[in-house]
Amino acid sequence: LTTIGTLGSQMCIDAQDIVEFTKTVAEFSAATGIDASTSATGIARIVQLLPDLKGNYSGLASAILKTGVNSIATEAQILQSTHNIASVGRVAGLSATQIVALSSGMSSLGITSELQRSTVTQSFTKILTAVDEGTDSAAKFGSVLGLTGKQFQDAWGKDPYSVFLKLTDAIASSSNGVQILGDLGLATQRLTPTILKIGQNTSVFAAALKDTQTGLI
C-alpha cells in the first residue's frame, strides 16, 4: 500500500485522493492479477487524460473490471488499450465510458494494441478533419449513412461513438466496402481489414458500452 501511495504522489494524484487511489489500485490489482505498479500507473494516467472522470479512480477500475468479466479481453489488455487511445478519443468527443468500451471491444476482437491506436487515430482524424472542413467534406461520410453533410456533422457532435459504429457497420455490410474506404481515404493494408472487423461485430461494442456505463458510477 505504501508503494501504491508513493506512486500516486509521484504521478501528481491530489493529496486528498491518495487514500481512495491506493484502495482502488490495491483492489484492482488483487482482482485482475495485474501488478500494483502497472495498475497504479495505468489508472492514474488514464484519469489524467480523461478529465470527465473527475478523479473517479474507483469508477474507472469498476468499468474496466465489468467489461473485462463479460468480454474475451483481459483487464490488462483493456487498461493498456484505454491508455493508448484516450487522447485521440477525447479529442474526437468520446466519453470515458465510450473510450473504455471501444478499447474492450477491439481487444475482444483480437486487434493488437498497436493496430488499435493506429486505427482509431487515422479513422478519427479523417472524420474530424471532414467535419471541421464543412458540410461538403462531411458529406463524404454522411452519404455512407444516408445523411447530408450537415446531418453527419450534427450526429457526430452528439454521439461520435454510435456514429463511428454505424459507419463501420454500413461499410462492412456493403458489397463495395473496400471501395467506400478508399473513397474516404481509409483504405490501407492494415486499416481496411480492421475497420471491416469492427463493422462486422458492432454488437460487441454495444455490449461493452452497456458494461462500462454500469460499471462507471
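Preceding block: the structure.
Residues numbered from 1 in each chain as written. Predicted model: local features only at pLDDT ≥ 70, side-chain atom pairs only at ≥ 80, totals over all residues. Heavy atoms only, no water.

Trainee: So what's going on with the packing of aromatic side chains? Which residues, and what values?
Mentor: In total, this model carries five aromatic pairs according to the counting rule given. Between the aromatic rings of Phe124 and Phe164, the centroid separation amounts to 5.1 Å while the plane-to-plane angle is 85°, which identifies the pairing as edge-to-face. Remark: Phe164 occurs in helix H10 (residues 160-173) and Phe124 occurs in helix H7 (residues 113-133); sequence separation between them is 40 residues. Each member of the pair, Phe124 together with Phe164, is buried. Note on Phe152 and Trp156: the rings are 6.4 Å apart at their centroids and 20° apart in plane angle, and the pair reads as stacked. Of this pair, Phe152 and Trp156 both sit in helix H9 (residues 149-158), four residues apart, roughly one helical turn. (Phe/Tyr/Trp six-rings, centres within 6.5 Å; stacked < 30°, edge-to-face > 60°. Helix = DSSP H or I, 4+ residues; strand = E, 2+ residues; numbered from the N terminus. Buried < 20%, exposed > 50% of the residue type's maximum accessible area, 1.4 Å probe, protein only.)

Trainee: Please provide a residue-by-residue account of the packing of H10 against helix H13 (residues 202-215), values included.
Mentor: It is at 10 Å that the axes of H10 and H13 come closest, and there the two elements cross at 165°. By the criterion of interaxial angle, the relationship of H10 to H13 is roughly antiparallel. Crossing handedness for the pair H10 and H13: left-handed. Note on element contacts: H13 touches H10 through Thr202, Phe205 and Leu209, opposite Tyr161, Leu165, Thr168 and Asp169. A class-by-class count of the residues in the contact of H10 with H13 yields four nonpolar, two polar and one charged. (Axes fitted to C-alpha atoms, helices over the stretch in contact; angles between N-to-C directions. Parallel < 35°, antiparallel > 145°, perpendicular 65-115°, else oblique. Left-handed = near helix turned anticlockwise from the far one by under 90°. Contact = heavy atoms within 4.5 Å. Nonpolar A, V, L, I, M, F, W, Y, C, P; charged D, E, K, R; others polar.)

Trainee: Break down the packing of helix H1 (residues 2-10) against helix H2 (residues 18-32) for me, citing the residues and quoting the values.
Mentor: Two quantities define a packed helix pair, namely the angle between the axes and the distance from one axis to the other. Remark: H1 packs on H2, axes separated minimally by 9 Å, with the N-to-C direction vectors making an angle of 125°. Compared by their axis directions, H1 and H2 come out oblique. When you trace H1 past H2, the crossing you get is right-handed. Here Ile4, Gly5, Gly8 and Ser9 of H1 lie close against H2, whose contacting residues are Ile18, Phe21, Thr22, Val25 and Ala26. In the contact of H1 with H2, the residues fall into five nonpolar, four polar and no charged.

Trainee: Break down H1 for me, with residues and values.
Mentor: Those residues of H1 that fall on the buried side of the exposure criterion are Ile4, Gly5, Leu7 and Gly8. The buried residues of H1 occupy an angular sector of 160° when projected down its axis, which confines them to one face. Set apart from the buried face of H1 by more than 90 degrees, the exposed residues are Thr2, Thr3 and Gln10. Looking at the buried positions of H1, the neighbouring elements they touch are H2 and helix H3 (36-49). (Arc of directions from axis to C-beta.)

Trainee: Tell me what's going on with unusual backbone geometry, and back it up with residues and numbers.
Mentor: Phi angles above zero are rare outside glycine, and Lys54 is one such case at about 50°. Secondary-structure assignment places Lys54 in the loop between H3 and helix H4 (57-69).

Trainee: Report on the nonpolar core, specifying residues and quantitative values.
Mentor: Formed by 67 residues in total, the largest nonpolar core has its most connected members in Phe21, Ile43, Leu102, Phe124 and Trp156. Setting aside residues up to four positions removed in sequence, Phe21 forms contacts with Ile4, Gly8, Ile13, Ala40, Ile43, Ala44 and Tyr57. (Core = buried A, V, L, I, M, F, W, Y, C linked by side-chain atoms within 4.5 Å.)

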